[in-house]
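Summary of structural features
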Amino acid sequence: MFVGRKKELNKLNESYTTSGIPVVALYGREGIGKTTLAREFVKDKDYVYYMGRELSKDEQNSYFQQALKQVDKKASAMAKAASAAGQKVCFVIDEFDMMQKAYKGFFEEFREYVEQSAWEDHVMLILISSSVQWAENQMVNDMGEFASLIHYVIKLKEFTFLEMVKRFPDSSTEECIAIYSILGGIPAYLDLWDASKDVKQNIISLILDKKGLLRKEATRFLKTSLRELPYYNTILSVLAEDEPKLNYLYNRTGFSRAKISVYIKNLIQIDVAQKYFSYEAKKKDSTLKGLYGISDRFLHFWYKFVFPNATALECEDAEEFYENYIMNKLPAFEEQTYVKVCKEFLMLMNQYGKLPAKLRTPETFYGKDGMIPVIAGGEGDKLLVGWCKWSADPMDGSDFEKLLQLAEQLGQEADYYYLFSKEGFVNELAAMASGMDNIELIDLESF
């Protein structure tokens, strides 16, 4: 099922209608849906598809020449057909970074070929790469003058929760949040989830079972981009403990700060880790800085629940492992995703003018006395703070009191309070909120 990617499709369509030979570079990590997006874009167009591979120069050139002949033939026919005015042949080169690995002069030779061809106004180039590090650090340098031909560079990112939900139309919001917590917004992983099974069954069959399709995925994926895996395993397993301070990472690993800095930078570059930036409160000295965590949900799940217990996974039955190491801790893990979903909800409400004030993008406040999961400033110095409860118990007055206490760190009184709860709200809290116009109670039915 193809869902989302409206912005990216719009950019591709805009390039398609551009005169000359528009070139789009489309990149993103493995499994993010780059080829699927390209296929969706060209499904009603004339196109040629070529998959770059690690080959010798002569072998690569031999295969590529065949593709070029197809493009030349189609472009020539299009130029002669009056009915084809405004149309282009889309030449899709997948994993195009592979082209120059053993063929260093590829981009220079290809540029000369393009400039001497009869492709003007008849061909569009879509160049796809799964190497995020290469695309962001080396692509322009390796391409040389060819880089000047690029019309758009598009980085394809994970699905948002709202996009991901559309892939599971028969699943409840609660089920979708659980799926998103475990797999994130990676289309290739989401394709493997069996919506007819519950969360436990999917975790066992996909991740814990020896034949599970994702059993070895964490190691396989990291090896495609990183060396020195023992060091990265150590850093990721510590980050998965959800103690975000850099000092904690330093003390737990025993690595030098310089080494940690390099490894963290590499993990951030492949969208596995991230640096957390707190909402800037007026009370400056209350904010924590230098915070890091795992941004890839599947890898976070793996390094939190599976990797530390690898020995038990080899010795125990998969169902026994789930019950011993995952079942009771999963709700707290899902709550992190729930916070992200609540932020998306506010962004959507803000977009449609459904909030009491025009707000900026929701953030999180990391304070020395505790975290406020959802916070957003707005016009006229307005401030919204939010609390998210993912628990079997409904939210009560003590939860609201905790939010009020944490908000004292901000140095500014909040104007609006948005309370999100999986299991709803106790009657006393609902009654209090009904009499106040600055408190909103939002349960899963509201999403």
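Here the structure is a predicted model, which is why all the values come from computation and not from measurement.

**Topic: the overall build of the chain**
Counting secondary structure elements, the chain contains 20 helices and 12 strands. Each principal axis of the C-alpha distribution contributes one length, and for the chain these read about 75 × 55 × 45 Å. Relative to its 447 residues, the chain shows a buried fraction of 50%. Pairs at least 24 residues apart make up 68% of the contacts formed inside the chain by residues separated by at least 6 positions.

**Focus: the side chain of Thr253**
Position of Thr253 among the secondary structure elements: in helix H13 (residues 246-253). At 2.8 Å, the side chain of Thr253 and the backbone oxygen of Leu249 are in polar contact. A distance of 3.2 Å separates a polar atom in the side chain of Thr253 from the backbone nitrogen of Phe255. Leaving out residues up to four positions away in the same chain, Thr253 has contacts with Thr234, Val238 and Ile260.

**Observations concerning the layout of surface pockets**
By volume, the second largest pocket amounts to about 390 Å³. Together, 19 residues line the second largest pocket, and Asp97, Lys101, Ser130, Ser131 and Thr224 are the ones closest to its centre. Sorting elements by how many residues they give to the lining of the second largest pocket places helix H5 (residues 132-137) first, with three residues. Classifying every residue of the lining of the second largest pocket gives five nonpolar, eight polar and six charged.

**So, unusual backbone geometry**
It is generally the case that most residues other than glycine have a negative phi and that most peptide bonds are trans. Of note, Asp121 is a non-glycine position whose phi angle comes to about 70°, a positive value. Assignment of secondary structure puts Asp121 in the loop between helix H4 (106-116) and strand S4 (123-129). With a relative accessible area of 35%, Asp121 lands in the partly exposed category. Not every positive phi belongs to a glycine, and Glu228 is a case in point at roughly 55°. With respect to the secondary-structure elements, Glu228 resides in the loop between helix H11 (217-223) and helix H12 (229-239).

**Concerning empty space enclosed by the protein**
Applying the stated criterion across every chain, the model contains one cavity of 30 Å³ or more. Sorting the residues of the lining of the largest cavity by element identifies helix H2 (34-42) and strand S2 (47-51) as the ones contributing at least two each. Of the residues forming the lining of the largest cavity, the biggest block, four residues, is contributed by H2. Looking at side-chain class alone, the lining of the largest cavity contains five nonpolar, one polar and one charged residues.

**Remarks on the sheet that holds strand S10 (residues 383-389)**
Spatial ordering of the open sheet is given by S8-S9-S10-S11-S12, a layout of five strands whose pairing is mixed. Each of the sheet's edge strands pairs with one partner strand only, and the pair in question is strand S8 (363-367) and strand S12 (439-443). Across the sheet, the mean angle separating the axes of adjacent strands is 30° when strand polarity is ignored. Judged from the four bridges that link them, S8 and strand S9 (residues 370-377) form a sheet pairing that is antiparallel. Directly across from Tyr366, in S9, lies its bridge partner Met371. Contacting S9, S10, strand S11 (416-421) and S12, helix H19 (residues 397-407) runs over the sheet at an angle of about 135° to S10.

**Thoughts on the side chain of Asn309**
Here Asn309 lies in the loop between helix H15 (297-306) and helix H16 (310-315). In terms of polar contacts, Asn309 uses its side chain to reach the backbone carbonyl oxygen of Phe305, at 2.8 Å. Discounting residues that sit within four places of it in the chain, Asn309 has contacts with Phe321 and Tyr325.

**Overview of the environment of Ala102**
Mapped onto the secondary structure, Ala102 falls in the loop between strand S3 (89-94) and H4. Exposure remark for Ala102: the relative accessible area of 42% places this residue in the partly exposed category. Sequence spacing of Ala102 and Gln116 is 14 residues, and the spatial spacing of their C-alpha atoms is 24 Å.

**Some points on the nonpolar core**
By size, the foremost hydrophobic cluster in this structure holds 96 residues, and its most contacted members are Ile207, Leu208, Leu222 and Phe301. The residues touching Leu222, leaving out its near neighbours within four places in the chain, are Leu229, Leu236, Ile270, Val272, Leu299 and Tyr303.

**Overview of the sheet that holds S2**
The strand order across the open sheet built from five strands is S2-S3-S4-S1-S5, with neighbouring strands paired in parallel fashion. Either end of the sheet is taken by a strand with one partner, and the two such strands are S2 and strand S5 (150-155). This sheet shows a mean twist of 15° between the axes of neighbouring strands, independent of strand direction. Of the strand pairs in this sheet, strand S1 (residues 23-27) and S4 are connected by five bridges, and their pairing is parallel. Pairing of Tyr27 across the sheet is with Ser129, part of S4.

**What about the packing of aromatic side chains?**
Overall, the coordinates contain 29 aromatic pairs when judged by the stated rule. Look at Phe91 and Trp119: their rings are 6.2 Å apart centre to centre, the planes differ by 90°, and that puts the pair in the edge-to-face class. Remark: Trp119 occurs in the loop between H4 and S4 and Phe91 occurs in strand S3; sequence separation between them is 28 residues. Trp119 sits in the buried class, given a relative accessible area of 1%. Three or more aromatic residues joined by ring pairs form one cluster here, namely Tyr50, Phe64, Phe91, Phe96, Tyr103, Phe106, Phe107, Phe110, Tyr113, Trp119, Trp134 and Phe146. Residue placement shows Arg257 over the ring face of Tyr250; its charged tip is 3.9 Å from the ring centre. In this structure, Lys422 packs its charged tip against the face of Trp390, placed 5.4 Å from the ring centre.

The rules behind these values
Residues numbered from 1 in each chain as written. Predicted model: local features only at pLDDT ≥ 70, side-chain atom pairs only at ≥ 80, totals over all residues. Heavy atoms only, no water. Helix = DSSP H or I, 4+ residues; strand = E, 2+ residues; numbered from the N terminus. Buried < 20%, exposed > 50% of the residue type's maximum accessible area, 1.4 Å probe, protein only. Contact = heavy atoms within 4.5 Å. Polar contact = N/O pair within 3.5 Å; in protein donor to acceptor, adjacent residues only side chain to side chain. 1 Å grid on protein atoms, 1.4 Å probe; cavity = no way out; pocket = protein on both sides within 12 Å on 5 of 7 lines; lining within 4 Å. Points joined across faces, edges and corners; volume = space filled by probe spheres on them. Nonpolar A, V, L, I, M, F, W, Y, C, P; charged D, E, K, R; others polar. Pairing = 2+ DSSP bridges. Axes fitted to C-alpha atoms, helices over the stretch in contact; angles between N-to-C directions. Core = buried A, V, L, I, M, F, W, Y, C linked by side-chain atoms within 4.5 Å. Phe/Tyr/Trp six-rings, centres within 6.5 Å; stacked < 30°, edge-to-face > 60°. Lys NZ or Arg CZ within 6 Å of the ring centre and 35° of its normal.

Scope: geometric values only; no functional claims are made or implied.
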